[in-house]
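Structural overview for review
Chain residues, written in single-letter form:
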Amino acid sequence: MAVTQDMISSWRHPRIVMRRLLNAGRREDRALAVLMAGCFVIFIAQWPRLSRIAAGFGVAPGNETPELSQLVAYEFVSWMMVWPLAFYLLAAIFHLIAKAFGGKGSFFSARYALFWALLSTTPIALLYGLCTGLLGPVASTQIVGAIWIAAFGILLGANLIEAENRAEG
């Protein structure tokens, strides 16, 4: 199935999609591609917010307005280098916690569960980025952000349950 179709299906049947993805075999290259795609889309979602900051909105009086290219460069390094490492560490922690409670999965399955939850929620991340850039820090933007976090948590939970119920090495 196409990645976009799997992303949409994850919203209705996350455990079924996760099971199918894990049954495709242990492919670390695929897991890394999912992670990097998710991080890249979230990086793109930051552009409206960065444009808003570069235009001077939200900058304290007397402070210099940063250049857009500088903000984009910092955000790129953050989302394409730092966050992927943090997600690998977070997935390992989730696996160890699940293992303490009887989880039978592997570090790979926990990684894939986290990475897939991230990629599956990127459409909301794009909406949140637009709201942040166009509306600024208002209540509706915060609601969209809360929906993004909640959706990520729900999908991550369902994916981890499926991943940790699998007996793997």
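Read on for a plain summary of the structure.

Procedures and definitions
Residue positions are given per chain, counted from 1 along the sequence in the order it is written. Local features in this predicted model are restricted to residues whose pLDDT is 70 or higher, and side-chain atom pairs enter the listing and the counts only when it is 80 or higher, whereas totals over whole chains, interfaces and linings include all residues. Excluding hydrogens and water, the side-chain values take into account all heavy atoms of the structure. A run of H or I in DSSP becomes a helix once it reaches four residues, and a run of E becomes a strand once it reaches two; helices and strands are each numbered from the N terminus. For every residue, the accessible area (1.4 Å probe, protein chains only) is compared with the maximum for its type, and the residue is labelled buried under 20%, exposed over 50%, or partly exposed between those bounds. Only heavy atoms matter for contacts: two residues are in contact if any of them lie within 4.5 Å across the pair. To be clear on the numbers: accessible area is Shrake-Rupley with a 1.4 Å probe, and residue cover counts the displayed protein chains and nothing else. Residues scored as charged are limited to Lys and Arg (positive) and Asp and Glu (negative), so that His and the chain ends carry no count. Note on charges: their place is set at NZ of Lys, CZ of Arg, CG of Asp or CD of Glu. Between the rings of Phe, Tyr and Trp (Trp by its six-membered ring), a pair exists once the centres lie within 6.5 Å; its type follows the angle of the planes, with under 30 degrees stacked, over 60 edge-to-face, and the other angles tilted. Two conditions define a charge located above a ring, namely a distance within 6 Å from the ring centre to NZ of Lys or CZ of Arg, and an angle within 35 degrees of the ring normal. Surface patches are drawn from residues lacking salt bridges whose relative accessible area is over 30%; two like charges belong together within 9 Å, two nonpolar side chains (Val, Leu, Ile, Met, Phe, Trp, Tyr) within 5 Å. For this analysis, a salt bridge means a side-chain nitrogen from Lys or Arg found within 4 Å of a carboxyl oxygen belonging to Asp or Glu.

1. Some words on the overall build of the chain
Scanning the chain from N- to C-terminus turns up 8 helices and 0 strands. Expressed as lengths along the three principal axes of its C-alpha atoms, the size of the chain is roughly 60 × 30 × 30 Å. Among the 169 residues that make up the chain, the fraction classed as buried is 41%. Counting only contacts in the chain whose residues sit at least 6 apart along the sequence, the fraction spanning at least 24 positions is 75%. Summing over all exposed atoms, the chain offers an accessible surface of approximately 9100 Å²; the carbon and sulfur share of this is 71%. Looking at charge distribution, the chain has the averaged site of its 13 positive side-chain charges lying 11 Å from that of its 9 negative ones.

2. As for the environment of Tyr-88
Locating Tyr-88 in the fold gives a position in helix H5 (residues 68-100). Along the backbone, Tyr-88 and Leu-35 are 53 residues apart, and their C-alpha atoms lie at a distance of 9.3 Å.

3. Re the packing of aromatic side chains
Counted under the stated rule, the structure contains 8 aromatic pairs. Aromatic side chains Phe-43 and Phe-76 sit 5.3 Å apart centroid to centroid with 75° between the ring planes, which places their arrangement in the edge-to-face category. Note that Phe-43 is positioned in helix H3 (residues 28-45) and Phe-76 in helix H5, a separation of 33 residues in sequence. For Phe-43, a relative accessible area of 4% corresponds to the buried category. For Phe-76, a relative accessible area of 38% translates into the label partly exposed. When the centroid spacing of 5.1 Å and the interplanar angle of 65° are considered together, the rings of Tyr-88 and Phe-115 count as edge-to-face. One end of the pair, Tyr-88, is in helix H5; the other, Phe-115, is in helix H6 (residues 107-120), and 27 residues separate them in sequence. Assessed through its relative accessible area of 28%, Tyr-88 is described here as partly exposed. Residue classification places Phe-115 among the buried residues on the basis of a relative accessible area of 0%. Joined through ring pairs, the aromatic side chains of Phe-40, Phe-43, Trp-47 and Phe-76 make up one cluster. Here the guanidinium or amino end of Arg-52 rests over the ring plane of Phe-57, the centre of that ring lying 4.8 Å away.

4. Some words on a nonpolar patch on the surface
Among the surface-exposed residues, Phe-40, Phe-76, Val-77, Met-81 and Val-82 lie close enough to one another that they form a single nonpolar patch of about 450 Å² accessible area. Mapping Val-77 onto the fold places it in helix H5. Accessibility expressed as a relative area gives 40% for Val-77, which makes it partly exposed.

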